[in-house]
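# Structural description and commentary
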Amino acid sequence: MDKSLNSWHGKLHLTYGSHGGKTQLVSSQNQAPLKVQRPFYPEGEAVCHSIILHTAGGVVGGDRLSTNIHLQPQSQVLLTTAAASKIYKSNGLQARQDVTIHIDSHACLEYLPQETIVFNSANYRQDVRIHLAVDASFLGWEITRFGRTARNEQFIQGEWRNYTEIWRDNQPLWIDRQYLPGDMAVFHSPHGLNSQAIAGSFIYLGKQISPQLITQIRQMWGENSPSAVGVTALEHGFLCRYRGNSTSEVRNWFISVWQLLRQSIGNRGNCVPRVWQI
């Protein structure tokens, strides 16, 4: 029996536009199991909050998920997910997600999905490609837990790939290719996970970041944590990395950095999406 016949091929196409100072979802097309909730405006009409749903509950081998997001000029959008994403043990096929984002002039996307949990023996690849206009900006994070640690599960079989590319005027601003094979030696290696189950990345690209702000972000991290973190200044932004064992720890740090950036550059408040508080 062809295992791919039982796979999902989900699609989601979202287009946002700004009219009279209000950002609206002007076009939405979906194919199960992907869909988007009705937009809402907890911080005023300028910023549109949207929540992406995966109604199947998890991703299995052979699933193909495709998301296309377009922000027209002046649009201001915050996108998150309703719950943690679960990548189940593979049935012999690779599961794949492709995300393509276009951000037009003076538009800003905050792309903040909740945690991804990669089960042992999963085979998963995610490709994210972002195209920025000259004066557009993007802020996003990715938090991945390898293995169901509450069950003492480790990621020692399977394969995980996460490729991210951010381009402006056909020039690469940031290319990030991550690959982790499920292997006991790699899991415990200091060049792999170093026996820690969670990896996180936070990226901002858009405006120039001052050295003072970079220093402030570094000082937000507690010195007594056993987790490994880093903050790197980029030509048009900055990058934060995390490797540790606590989802709440990395989430709290990323949220603090996100809120600081909103206040310093975007002149916005600390409006935490309601779905994170459930």
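Refer to the structure presented above.
Residues numbered from 1 in each chain as written. Predicted model: local features only at pLDDT ≥ 70, side-chain atom pairs only at ≥ 80, totals over all residues. Heavy atoms only, no water.

### Quick word on the side chain of Glu110
As a reminder of what qualifies: Counting from the N terminus, the helices are DSSP H or I runs at least four residues long and the strands are E runs at least two residues long. Under the rule applied, a polar contact is a pair of N or O atoms within 3.5 Å (in protein, one hydrogen donor and one hydrogen acceptor; residues adjacent in sequence only if both atoms are side-chain atoms). For this analysis, residues touch if any pair of their heavy atoms sits within 4.5 Å.
Along the chain, Glu110 falls in strand β9 (residues 108-112). At a separation of 2.8 Å, a polar atom in the side chain of Glu110 contacts the side chain of Arg262. Glu110 has contacts with Val47, Val77, Leu78, Leu79, Leu139, Trp258, Arg262 and Arg268, leaving out every residue within four places of it along the chain.

### Details of the state of the cysteines
Put simply, the rule reads: Pairs of cysteine sulfur atoms within 2.5 Å are what we label disulfides.
Across all of its chains, the model carries 0 disulfides by this definition. Unpaired in terms of disulfides, Cys48 finds its nearest cysteine sulfur in Cys271, a separation of 12 Å.

### Digging into the pattern of salt bridges
Keep this limit in mind: Salt bridges are defined by distance alone: a side-chain nitrogen of Lys or Arg within 4 Å of a carboxyl oxygen of Asp or Glu. Throughout, exposure labels follow a simple rule: accessible area from a 1.4 Å probe, protein chains only, divided by the maximum for the residue type, with under 20% read as buried, over 50% as exposed, and the rest as partly exposed.
Using the criterion set out here, one finds 12 salt bridges in the structure. Across the pair Asp98 and Arg96 runs a salt bridge whose closest N-O atoms are separated by 3.4 Å. A salt bridge links Arg145 to Glu115, with the nearest nitrogen and oxygen atoms 2.9 Å apart. Taken together, the residues Arg145 in strand β12 (residues 137-146) and Glu115 in the loop between β9 and β10 (116-118) connect sequence positions 30 residues apart. For Arg145, a relative accessible area of 13% gives the class buried. Judged by relative accessible area, which is 11%, Glu115 ranks as buried. Look at the salt bridges and you will find they share partners, linking Glu43, Glu110, Arg262 and Arg268 into a network.

### With respect to the sheet that holds strand β2 (residues 22-31)
Strand pairing within a sheet occurs via backbone hydrogen bonds; the two strands may be parallel or antiparallel. Quick reminder of the rule: Pairs of strands are assigned from DSSP output, requiring at least two bridges between the strands. Note on definitions: angles span 0 to 180 degrees between N-to-C directions of axes, and those axes are lines fitted to C-alpha atoms, for helices only across the stretch in contact.
Read across the open sheet, the 7 strands follow the order β2-β1-β5-β8-β11-β13-β14; overall the sheet is mixed. Whereas interior strands pair on both sides, the edge strands pair on one side only; in this sheet they are β2 and β14 (171-181). With direction set aside, neighbouring strand axes in the sheet form an average angle of 10 degrees. Judged from the 9 bridges that link them, strand β1 (residues 9-19) and β2 form a sheet pairing that is antiparallel. Bridge pairing in β2 links Lys11 to Gln31.

### Comments concerning the packing of aromatic side chains
The geometry of an aromatic ring pair comes down to the distance between the two centres and the angle between the two planes. Which entries qualify depends on this criterion: Pairing of aromatic rings covers Phe, Tyr and Trp, the last through its six-membered ring, and needs centres within 6.5 Å; plane angles under 30 degrees mean stacked, over 60 mean edge-to-face, and all others mean tilted.
By the definition in use, this model includes 13 aromatic pairs. For the ring pair Trp221 and Trp253, a centre distance of 5.1 Å and an interplane angle of 65 degrees mean the geometry is edge-to-face. With Trp221 in the loop between α2 (211-219) and β16 (228-234) and Trp253 in helix α3 (residues 247-266), this residue pair connects regions lying 32 residues apart in the sequence. For Trp221, a relative accessible area of 15% translates into the label buried. When its relative accessible area of 3% is taken as the criterion, Trp253 is described as buried. With 5.6 Å between their ring centres and 35 degrees between their planes, Trp253 and Phe254 make a pair best called tilted. In this structure, Trp253 and Phe254 share a single accessibility class: buried.

### Remarks on the layout of surface pockets
Convention followed: Residues are called lining when one of their atoms sits within 4 Å of a cavity or pocket point, these points coming from a 1 Å grid over the protein atoms alone, where a cavity is a set in which a 1.4 Å probe fits but cannot get out and a pocket is an open set with protein on both sides within 12 Å along at least five of seven lines. Grid points are joined across faces, edges and corners, and a volume is the space filled by probe spheres set on the points. All residues other than Ala, Val, Leu, Ile, Met, Phe, Trp, Tyr, Cys, Pro, Asp, Glu, Lys and Arg, Gly among them, are scored as polar; the first ten of these are nonpolar and the last four charged.
Volume-wise, the largest pocket comes out at about 420 Å³. Surrounding the largest pocket, 25 residues form its lining, His54, Thr81, Ala83, Ser85 and Gln97 being those nearest its centre. Looking at the lining of the largest pocket, the elements with two or more residues in it are β4 (48-54), β5 (64-71), β7 (85-87), β8 (95-103) and β11 (123-132). Looking at the lining of the largest pocket residue by residue, the classes come out as 13 nonpolar, 10 polar and 2 charged.

### What to know about empty space enclosed by the protein
Enumeration over the complete set of coordinates arrives at 2 cavities of 30 Å³ or more. Lining the largest cavity are 19 residues, and of these Trp141, Glu142, Asn162, Thr164 and Ser201 lie nearest its centre. Listed by contribution, the elements that provide at least two residues to the lining of the largest cavity are β11, β12, β13 (159-168), β14 and β15 (198-205). If you tally residues by element for the lining of the largest cavity, the top one is β12, at 5 residues.

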